[in-house]
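Summary of structural features
This is what each chain is made of:
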Amino acid sequence: MWAPARPAFLEGFSLYAHTHLHAHDRQGLERRCRYGARGALALERLSRAEDGRIAWRMKRPLPDGTTHLHQ
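None of these values were measured; they are calculated from a predicted model.

Parameters and conventions
- Residues numbered from 1 in each chain as written.
- Predicted model: local features only at pLDDT ≥ 70, side-chain atom pairs only at ≥ 80, totals over all residues.
- Heavy atoms only, no water.
- Salt bridge = Lys/Arg side-chain N within 4 Å of Asp/Glu carboxyl O.
- Helix = DSSP H or I, 4+ residues; strand = E, 2+ residues; numbered from the N terminus.
- Buried < 20%, exposed > 50% of the residue type's maximum accessible area, 1.4 Å probe, protein only.

Details of the pattern of salt bridges
- In the structure shown here, the tally under the stated rule is 2 salt bridges.
- Notably, a salt bridge pairs Glu30 with Arg34, separated by 2.9 Å at the nearest N-O pair. With a gap of 4 residues between them, Glu30 and Arg34 both fall in helix H1 (residues 26-37), about one helical turn apart.
- With relative accessibility at 57%, the residue Arg34 sits in the exposed group.
- Salt-bridge contacts for Arg53 lead to Asp51; the nearest nitrogen and oxygen are separated by 2.8 Å.
- Since its relative accessible area comes to 52%, Asp51 is described here as exposed.

And the structure:
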């Protein structure tokens, strides 16, 4: 049966309440718990630039070729 997506957005975070687990789906519950407990940032993609700023390596370059964001 088709059901519309039910997204919620708050302060830069999003949640899709369209996921359903059956009462005894232990593997599905474990996957959801692992997903929710993971870190918000992949630490292996953080580094310090030569000028001392924090650099974040993106998964894919932007259309202009940018590969890192700096803070």
